[in-house]
Amino acid sequence: MADKYDLMVIGGGPAGYVAAIKAAQYGKKVAMVEVERAGGTCLNWGCIPTKALLKQAEFAIHLKHAEDYGFTVGEVSFDFAQVVAKSRKAADKMAAGIDHLFKKNKIAWLKGQGSIDRPGQVKVTKEDGGVDLYDAETILIATGAKPRTLPGLVLDRQTVMTSREALALTEVPKSILIIGAGAIGVEFAYFYNAFGTKVTLVEFAPNILPIEDEDSSILLKRKFESYGIEVLTETKVTGLELGAEGATATFVGKSPKAGNTFEKVLVAVGVEARLDGLLGPDLKLDLFKGFLQTSDSYMTNIPGIYAIGDVIGPPWLAHQASWEAGQCIDGLYGNKVPQKTHLVPGCTYCQPQVASIGATEKKLKEQGVAFKVGKFPFIANGKAVGTGDTDGFVKLLYGAEHHELLGAHIVGSEATELIAELNLAMNLEATLEDILGTMHAHPTLSEVIADATAAAIGKAVHM
């Protein structure tokens, strides 16, 4: 007889492991099925190791400009293999933490490929080929997403890579073509440039970070070009030919100045749902644009089978996946009405950082919404001047009539930390007056939020 669980979660990323722990906190018998180690792409091959690498890139740049801070350090050298190894240690430490949480909450971790042949049962195919069957009152799919490629571009995983292979390189490439200037492409462009790689960043849209406010995208493009990164917008890569020197690319739109052959190519053009081997031949789950379709309670079209996280579609962010996990589990076991949030902060961790919440200026204009713009530069902020981090601005969009916060856009130092205040403000439906009535400590970068708010009504003191 198969083991029986109240909840079986397939996939151990930020959606899956959070759901498993929260269900266990409700006293449920829980098992998680994961083909690798817990943490998923985010912890093992995404969010955590990339942030470690980006911090090291920032450190490398500070060393190169040590004289700006009054230090003489001589010629700066580095061991790229050790740089990468440090990022792997960060991922290892976080994964060990999840292992501890599973043991603490008595969650069974079943290593193998999880699949569903029929409702109420999960099949786990182990590495040695053995198969175990488990009964489950509820099945939760949290298999996430995987990198997608473009038609005609073959990933050989050595010269033409996804972000996963890029995170495992032990030698810094002399040149790299990065296709796609969303958050992943932009972060890798910053990282490789910091370690001396000649970087060419290509984006089909008119702006890099195309979902961000245009002012944010324009400023970041200008900064990247000042670093020596070649940025080609409104450009498409239509083909790659592998050779002894790397990959030779064919472009439609603009062409790179230094030629079209690159030692490495990183394809960062988005993701697709990870559904390989998940469903048996007689099980059909509804899809929308290739992703699992769910109800407001995160249930698929088959009762007893739920889905959360990247596998159900955009915005493909770890914090959104974890939020959905909480909503789904509270709905299942906590007598609460689940929600599907519309306020999701976007964060890009290059330097300067980029963060946003809510509507862009372009979107508000398209919708015919009357609004006020408050914009304030970091160069007029005392803390930023003192630390030398003066690039960027805060741009806040307030409703013209009721002064509610409609959107917030930050480019600059610690932007990804500062956005939390504005996310909270939008969740609480705070007004311009509420933010002006909130005392911001001096000297802090957060004062820029108050100054940008005052600028929206023409009362900025420091500008």
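These numbers were taken from a predicted model, which means no experiment stands behind them.

Asks: Tell me what's going on with the overall build of the chain, and back it up with residues and numbers.
Replies: Across its full length, the chain carries 13 helices and 24 strands. For the C-alpha atoms alone, the extent of the chain along its principal axes is close to 70 × 60 × 45 Å. When the 463 residues of the chain are sorted by exposure, 51% land in the buried category. Across the chain, contacts joining residues at least 24 apart in sequence account for 64% of those joining residues at least 6 apart.

Asks: Explain the pairing of strand S23 (residues 392-399) to me, using residue names and the numbers behind them.
Replies: Counting buried positions along S23 yields 8 of 8 residues, so the element is predominantly enclosed. The alternating pattern of S23 places Gly 392, Val 394, Leu 396 and Tyr 398 on one face and Phe 393, Lys 395, Leu 397 and Gly 399 on the opposite face, and all of these are buried. Pairing between strand S22 (residues 371-377) and S23: 7 bridges, direction antiparallel. When the bridges of S23 are listed, Val 373 appears paired with Leu 397. Sheet topology places S23 next to strand S24 (residues 405-412); 7 bridges connect them, and they run antiparallel. Its bridge partner lying in S24, Phe 393 is registered against Val 411. What sits between the antiparallel neighbours S23 and S24 is a turn of 5 residues, in which His 403 has the positive phi angle 65°.

Asks: Describe the packing of aromatic side chains, listing the residues and the values that go with them.
Replies: Applying the stated criterion across every chain, the model contains 12 aromatic pairs. Each member of the aromatic cluster is reached from another via a ring pair, and the members are Phe 78, Phe 80, Phe 188, Phe 191, Tyr 192 and Phe 195. Across from the ring centre of Tyr 5, 4.9 Å away, lies the NZ or CZ of Lys 29, which sits over that ring. The side chain of Lys 375 reaches across the aromatic face of Phe 393, ending 4.3 Å from its centre.

Asks: Can you tell me about helix H7 (residues 214-227), naming the residues and giving the values?
Replies: Helix length check: H7 (14 residues) gives 20 Å between terminal C-alpha atoms against 20 Å at 1.5 Å per residue, within 8%. Among all positions of H7, only Ser 216, Ser 217, Leu 219, Leu 220, Lys 223 and Phe 224 are buried. On an axial view of H7, the arc spanned by its buried residues comes to 165°, and they lie on one face. Among the exposed residues of H7, those oriented more than 90 degrees off its buried face are Arg 222 and Ser 226. Each element contacted by the buried residues of H7 is listed here: helix H6 (183-194), strand S10 (198-202), strand S11 (230-232), strand S21 (353-358), S23 and S24. Where H7 begins, one side-chain oxygen reaches toward the backbone nitrogen of Asp 215, 3.1 Å away; that side chain belongs to Asp 213. One or two residues past the end of H7 sits Gly 228, with phi positive at roughly 100°.

Asks: Which residues make up the environment of Asp 156, and what are the values?
Replies: Along the chain, Asp 156 falls in the loop between strand S7 (145-147) and strand S8 (160-161). Along the sequence, Asp 156 and Ala 400 sit 244 residues apart, while their C-alpha atoms lie 53 Å from each other. Looking at Asp 156, its side chain comes within polar contact range of the main-chain nitrogen of Val 160, at 2.7 Å.

Asks: Explain the environment of Glu 404 residue by residue, including any values.
Replies: Topologically, Glu 404 is positioned in the loop between S23 and S24. Residues Glu 404 and Val 76, spaced 328 residues apart in sequence, show a C-alpha to C-alpha distance of 49 Å. Every residue in contact with Glu 404, bar those within four places of it in the chain, is listed here: Leu 397, Tyr 398, Gly 399, Ala 430 and Thr 431.

Asks: I'd like a description of the pairing of strand S5 (residues 121-125), backed by residues and values.
Replies: As judged from the 4 bridges shared by strand S4 (residues 113-118) and S5, these two strands associate in the antiparallel manner. Bridge assignment links Ser 115 to a residue of S5, and that residue is Lys 123. Joining the antiparallel neighbours S4 and S5 is a turn of 2 residues, in which Gly 120 adopts a positive phi near 85°. Bridge count between S5 and strand S6 (residues 131-141): 5 bridges; the pairing is antiparallel. Residue pairing for S6: Val 124 is matched across the bridge by Asp 132. Hairpin geometry of S5 and S6 is characterised by an intervening segment of 5 residues between the two adjacent antiparallel strands and by a positive phi of about 95° at Gly 129.

Asks: Give me the environment of Pro 443: which residues, what numbers.
Replies: Looking at the element boundaries, Pro 443 is found in the loop between helix H12 (432-436) and helix H13 (447-456). Along the primary structure Pro 443 and Gly 386 are separated by 57 residues, whereas in three dimensions their C-alpha atoms are 9.2 Å apart.

Asks: Please give an account of unusual backbone geometry that cites residues and values.
Replies: A cis amide bond links Pro 314 with the next residue in sequence, Pro 315, at an omega value of 20°. The residue Pro 315 is located in the loop between strand S19 (305-307) and helix H8 (318-333) in this model. Note that the residue after His 442, namely Pro 443, is joined by a cis bond; omega there is -5°. For Arg 157, which is not glycine, the phi torsion reads 70° and is therefore positive. One can find Arg 157 in the loop between S7 and S8. Here Tyr 298, not a glycine, exhibits a phi torsion of approximately 75°, which is positive. Looking at the secondary structure, you find Tyr 298 in the loop between strand S18 (291-292) and S19.

What counts, and where the lines are drawn
Residue positions are given per chain, counted from 1 along the sequence in the order it is written. The predicted origin of the model limits local features to residues at a pLDDT of at least 70 and limits the giving and counting of side-chain atom pairs to 80 or more, whereas totals for whole chains, interfaces and linings rest on all residues. Note: side-chain values were computed over all heavy atoms of the structure, leaving out hydrogens and water. Every helix listed is a DSSP run of H or I at least four residues long, and every strand listed is a run of E at least two residues long, numbered separately from the N terminus. Burial classification: accessible surface area is computed with a 1.4 Å probe over protein chains only, and a residue below 20% of its type maximum counts as buried, one above 50% as exposed, and the rest as partly exposed. By the convention used here, residues are in contact when the closest approach between their heavy atoms is within 4.5 Å. Note on pairing: DSSP must find at least two bridges between two strands before they are called paired. Pairing of aromatic rings covers Phe, Tyr and Trp, the last through its six-membered ring, and needs centres within 6.5 Å; plane angles under 30 degrees mean stacked, over 60 mean edge-to-face, and all others mean tilted. Any Lys NZ or Arg CZ found within 6 Å of a ring centre and within 35 degrees of that ring's normal is scored as a charge over the ring. To estimate the expected span of a helix, count its residues, drop one, and scale the result by 1.5 Å. In this context, the arc is that of the directions from the helix axis out to the C-beta atoms. What qualifies as a polar contact is a pair of N or O atoms within 3.5 Å, subject to a donor-acceptor requirement within protein and to the restriction that residues adjacent in sequence count only when both atoms come from side chains.

As far as function goes, none of this settles anything; it's purely spatial.
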